Amino acid sequence: MSEIPAKATESEDPSDGARAETASVLACDAGHTLADGEGEVPAGDALWQSSPPGSIYDYIRVASFSIGPDGLVDQWSLRAEQIFGIRADRAVGMDPIDAFVDPDRRERGQRKMAEILDGREWTGVVPFRMPASPDAGDGARGEQGLAEVYVMPTRTQEGEKAAVCIVVDVRTLRSIETDLAASQAIFGQSPFGFLLIDPELRVRRANERFASIFGGTPDDHRGKGVHDYLPRPEAERVSAVLRRVLETGDSITDMHVTGFVPGSEERRHWSVNLYRVHSGSGRPIGIAWLGTDITARRAAAREAAAARRNLALLNEAGARIGNSLDLETTARELLDVVVPGFCDLATVDLYQGLLAGDETPPGLADGSAELRRVAFSSAVSDGPLAGSGTDVAVGAVHHFPFNSPHADALRTARPASIPGEEGGLVQSTLAIPMVAHDTVVGLAQFSRTKGSEPFGDRDRDLAVELAARAAVCIDNARLYRREHERALMLQRSLLPPGDPVASGLDIACRYLPGSVASGRPSEVGGDWFDVIELPGHRTALVVGDVMGRGLRAAVAMGELRTAVRTLALLDLEPAEVLSALDEIARGLGTPGGVQQATRAARRPREADLSEVYLATCVYAVYDSVTRRCTFANAGHLPPVLVEPGEPALMLDVPPGMPLGVGGEPFEEVEVELPEGALLALYTDGLVESRDHPLDEGLQAFVGALTDPTSPLEDVCDHVLNTLDTHHGEDDIALLMARVQGLPADSVGDWTLPREPRSVGRAREYARGQLLSWDLEPLVDTTELLVSELVTNALRYGEGEIRLRLLLDRTLVCEVWDSGLVQPRRRRARDTDEGGRGLQLVGLLSAAWGSRRTPRGKTVWFELPLPDSGSGLADPAEALLSLF
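Residues numbered from 1 in each chain as written. Predicted model: local features only at pLDDT ≥ 70, side-chain atom pairs only at ≥ 80, totals over all residues. Heavy atoms only, no water.

(A) Expanded view of the overall build of the chain. Along the chain, the regular secondary structure elements total 23 helices and 31 strands. Burial statistics for the chain: of 883 residues in total, 45% are counted as buried. Intrachain contacts of the chain at a sequence separation of at least 6 include 61% that bridge at least 24 residues. As presented, the chain carries roughly 44,900 Å² of accessible surface, and 51% of it is formed by carbon and sulfur atoms. (Helix = DSSP H or I, 4+ residues; strand = E, 2+ residues; numbered from the N terminus. Buried < 20%, exposed > 50% of the residue type's maximum accessible area, 1.4 Å probe, protein only. Contact = heavy atoms within 4.5 Å. Areas by Shrake-Rupley, 256 points an atom, 1.4 Å probe, with all protein chains shown as cover.)

Structure, rendered in structure tokens:
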């Protein structure tokens, strides 16, 4: 409360009594209040208690002074000193008119002063000028000001008329008015919710914006607390923050508050700024609350976050799905992407028919065909999906009922949303058909458990996109598996069926496709091996490898293998077989075939060469009578020979150029194989891989062949098991043969002079040898055929004649001479006297033929043994059939 001069007493104004009475009552009330609130305080002293800091007088500059009967200042308050800047000892005794009023207004001021001292009240705005400082020179003038003055007449103790003046600094008042107007404009017109909260955390004042959100008028919110607007947990949190701001003075920026507004079930979000409010004296008087609704912004942020999450999920799906050409692996890759980032549980079911290779599985149109569950993933305990009816295990075959939403999704190729079962774990499930190239290949299910955010439209679109990507990869894997199985079937069909059998050799072989050898799916290769029986109890051993992979390599391998068998039956030398095979390989890469390739070789090479099929091959011919083996190599790995009691060694066979290159001849190497020796032919898949160089693999293979006396099947298994760490992604072909030469007592060999008596002598030799072998049923037929061949050698051949009989699984008869002309079978006319000898040989023998030798030719025929189950032709019937 401002100071009032003590000399101011009663007024002559009739209303003074009433005012004094009112002042007395207020003073008494104030005294009771203070006494009640603060303890033992005398009532008379209550009038003089200071108002608490922060009253209006801290903002409005109010001062008082009194004027004596002589019109001079006789009392000067401390507030007057602050406003006018004049100390009391200087101000007392001054004429206020002369001191503060400009000379041109002094006359009017003197008249007003006279009226005031005559006992009249007066209120008005008076311009004034501060008196000059005593230290200032002559003519110095003080600052100008404007004061609102309230003059009240009084009397002194002597009864003389005086006056009390109450002065308010108008400039300060105008500033306060401006501040109040600005504050009201900000508070009332703010687009944000504005609250003033008192130290008791009650709303002291609310603006219109806040009231428009929470209802009512601004006055209706007075006295309410945060518990009236927010749920209890949120209200407790906000209350704690308000207390901290009130205690520390630290402002809070962008505090997120969640709650509801009256009449709405929608959860709202606000961003709130808090700061402590102080009085003019610096005392905390409350907290300012400035809040704005960020519900839409939060929703937009969630949408943006969801979009970023979905984009990241799609990027991850693109990077992780489809890295394998395996159906089950691709399905698991899809689930690894979506769980738990997108859903809590997921499964993938594929049509059983498609997995089995059917192009159009039955029941596809109605969605009830059999499916096989290929993948399942869960971020929670493994439980059945809602609506599935049963807990289907991975690998189990099942089907959905016709009227189920799952079957409907498969039938219409449209996603379906399936609500969770009452009391179950799952909140909702998205059943997404997996469509690839307009074909439904299966169904993917994504489920979220209760408590998770429900699926929205954006989630459904994302699920469709993920399922579509996975479906394309799964369909590609399915198509690859189908092509791989077909190529593998073709490749296996081109390999020798069962266990090959050869004269004078014990054979064992292994073929492992790349997918089996490496444990990973890959394309089939062009590796092959073959065992071909040749005349004279000889055997051709072949191992080859077409460069490249896939169906085309398998087809090229089949063509080369067929060509090898054809060339082998012509009984050509190994080098000649490879030369002819090289021409065929070059023809495979030329649209016109071998002839076109031959013509193209005569023309200059062009820049755009046609596709070339390259292959490596080793071709060996083993003679069981002499135990000699002739090798020819076209760029293949060298054969390995293990002699009894000796370490394994690689045979030095010139490698030559691969088939399909052309231009280089092939060399032959003849090696004598001891009895019991082990010969191994193989492809590079056995000894070479990405992780192991070829030299290391060859040394490991040679080191694995330590015991040639073991059974060949065991030797093959030992080699594959020992070299398991060296297996790569290529096919493996392994052909092993143990030498078992034809015994000497199974061979009959005679040289006949070139004379007619040799025919009869040949029959005698043949009869005697067959009788010693206990082959009496073959004597007549053999004598007839031997006489025919020896007669032809005498008539059409040259040089001495050699007769040889070989007994093994069949009986082979060979007639050698030095002539180069090959016998040719022809059909004799009925009137011809001759020309039927070779026809007779063809009728009575199981097989016959001729081949060139380094010194002429050999004509041979073969007869089955009596105990072989093959019947012999009757010579008489055969003779009669010729006529």
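That was the structure; now back to the text.
(B) Expanded view of the pattern of salt bridges. Taken as a whole, this structure holds 41 salt bridges when the rule is applied. Note that E533 is salt-bridged to R809, the shortest N-O span being 2.3 Å. Taken together, the residues E533 in strand β18 (residues 525–534) and R809 in the loop between β28 (801–807) and β29 (810–817) connect sequence positions 276 residues apart. Judged by its relative accessible area of 39%, R809 falls in the partly exposed class. Within this structure, R538, D571, R804, E814 and R851 form a network of salt bridges that share partners. (Salt bridge = Lys/Arg side-chain N within 4 Å of Asp/Glu carboxyl O.)

(C) Here's a closer look at the sheet that holds β29. Across the sheet, which stays open at both edges, the five strands sit in the order β27-β28-β29-β31-β30 with antiparallel pairing between neighbours. Strands with a single pairing partner mark the edges of an open sheet, and in this sheet they are β27 (747–752) and β30 (847–853). Neighbour-to-neighbour, the strand axes of the sheet open up by a mean angle of 15 degrees, direction not taken into account. The sheet contact formed by β27 and β28 spans six bridges and is antiparallel. Residue pairing across strands places G748 opposite L805, the latter belonging to β28. (Pairing = 2+ DSSP bridges. Axes fitted to C-alpha atoms, helices over the stretch in contact; angles between N-to-C directions.)

(D) Summary view of the sheet that holds strand β8 (residues 252–259). Pairing in this open sheet of five strands is antiparallel, and the strands run β7-β6-β10-β9-β8 from one edge to the other. Only two strands of the sheet have a single partner each, and these edge strands are β7 (203–206) and β8. Averaged over neighbouring strand pairs, the angle between their axes works out to 30 degrees when direction is ignored. Sheet topology places strand β9 (residues 268–278) next to strand β10 (residues 284–293); nine bridges connect them, and they run antiparallel. Paired with L274 across the two strands is W289, which belongs to β10.

(E) Local environment of the side chain of D475. With respect to the element layout, D475 can be found in helix α13 (residues 457–494). Classification of D475 as buried rests on a relative accessible area of 4%. Other than its neighbours up to four places away in sequence, D475 contacts A436, H437 and V441.

(F) Just the environment of P433, in detail. Assignment of secondary structure puts P433 in strand β15 (residues 426–436). The sequence separation of P433 and A409 amounts to 24 residues, and the corresponding C-alpha distance is 6.1 Å. With sequence-adjacent residues up to four places away left out, P433 is seen in contact with A409, A413, R414, P415, V440, G442, L443 and A467.

(G) Structural context of the nonpolar core. Core analysis: the biggest nonpolar cluster contains 49 residues, and L334, V338, F342, V348, M434 and F446 have the highest contact counts within it. It is α13 that contributes the most residues to this core, nine residues altogether. Once residues lying within four places of it in the same chain are set aside, the contact partners of F446 are V338, F342, C343, L345, A346, S428, T429, L430, I432, F455 and A463. (Core = buried A, V, L, I, M, F, W, Y, C linked by side-chain atoms within 4.5 Å.)

(H) Layout of the packing of aromatic side chains. Taken as a whole, this structure holds 12 aromatic pairs when the rule is applied. With a centroid separation of 5.1 Å and an interplanar angle of 75 degrees, the aromatic rings of F214 and Y229 are classed as edge-to-face. Highlighted residues: F214 in helix α7 (residues 208–214) and Y229 in the loop between α7 and α8 (232–248), separated in sequence by 15 residues. Seen in terms of ring centroids, F342 and F455 are 5.7 Å apart; in terms of plane orientation they differ by 40 degrees. Their pairing is tilted. (Phe/Tyr/Trp six-rings, centres within 6.5 Å; stacked < 30°, edge-to-face > 60°.)

(I) Structural detail: the side chain of D349. On the secondary structure map, D349 appears in strand β11 (residues 345–351). By relative accessible area, D349 is classed as buried at 0%. Of note is the side chain of D349, whose polar atom sits 3.2 Å from the side chain of H398. (Polar contact = N/O pair within 3.5 Å; in protein donor to acceptor, adjacent residues only side chain to side chain.)

(J) Region of interest: helix α18 (residues 694–704). Three or more residues of α18 are buried, namely G697, L698, F701, V702 and A704. Along the axis of α18, the buried residues cluster in a sector spanning 160 degrees; they form a single face. Exposed residues pointing more than 90 degrees away from the buried face of α18 are listed as D695 and Q699. Contacts made by the buried residues of α18 are with β22 (640–642), β23 (649–650), β25 (678–682), α19 (712–722) and β26 (732–739). (Arc of directions from axis to C-beta.)

(K) Looking closely at the packing of helix α9 (residues 295–320) against helix α10 (residues 327–338). One way to put it is that α9 packs onto α10 with a least axis distance of 10 Å and a crossing angle of 155 degrees. The orientation of α9 with respect to α10, classified from their angle, is roughly antiparallel. Where α9 crosses over α10, the two elements pack in a sense that is right-handed. The residues of α10 that touch α9, namely those facing L313, E316, A317 and R320, are E333, D336 and V337. Residue composition of the contact of α9 with α10, by class: three nonpolar, no polar and four charged. (Parallel < 35°, antiparallel > 145°, perpendicular 65-115°, else oblique. Left-handed = near helix turned anticlockwise from the far one by under 90°. Nonpolar A, V, L, I, M, F, W, Y, C, P; charged D, E, K, R; others polar.)

(L) Highlighting the pairing of β7. Direction of pairing for strand β6 (residues 193–197) relative to β7: antiparallel, over a ladder of three bridges. Directly across from I197, in β7, lies its bridge partner V203. Where β6 folds back on β7, the antiparallel hairpin that results is connected by five residues, among which L201 adopts a positive phi of roughly 60 degrees.

(M) Up close: helix α16 (residues 574–588). Under the 1.5 Å per step criterion, the end-to-end length of α16 is 21 Å for 15 residues, consistent within 8% with the ideal 21 Å. Among the residues of α16, P574, A575, V577, L578, L581, D582, A585 and G587 are the ones counted as buried. (Expected span 1.5 Å × (residues − 1).)

(N) Up close: the packing of helix α21 (residues 779–796) against helix α22 (residues 837–844). Following both chains from N to C, one finds α21 and α22 inclined at 150 degrees, their axes separated by 10 Å at the closest point. Crossing angle aside, the handedness with which α21 passes α22 is left-handed. Taken together, the residues of α22 that come into contact with α21 (itself represented by T781, L784, L785, E788, L789 and N792) are G837, L838, L840, V841 and L844. Per-class residue counts for the contact of α21 with α22 are seven nonpolar, three polar and one charged.

(O) Structural context of unusual backbone geometry. Cis rather than trans, the peptide bond between V339 and P340 has omega equal to 5 degrees. Counting through the fold element by element, P340 comes out in the loop between α10 and β11. Here D254, not a glycine, exhibits a phi torsion of approximately 55 degrees, which is positive. Mapped onto the fold, D254 is located in strand β8.

(P) Region of the structure containing the pairing of β11. Within β11, seven of the seven residues are buried, which leaves it mostly tucked inside the rest of the structure. Where burial is concerned, the two faces of β11 agree: the one with L345, T347, D349 and Y351 and the one with A346, V348 and L350 are both buried. In terms of strand pairing, β11 meets strand β12 (residues 371–378) through seven bridges, oriented antiparallel. Bridging from a neighbouring strand, L345 pairs with S378 of β12. When β11 meets strand β16 (residues 439–449), the two strands line up antiparallel, connected through six bridges. Within β16, the position partnered with V348 by the bridge is A444.

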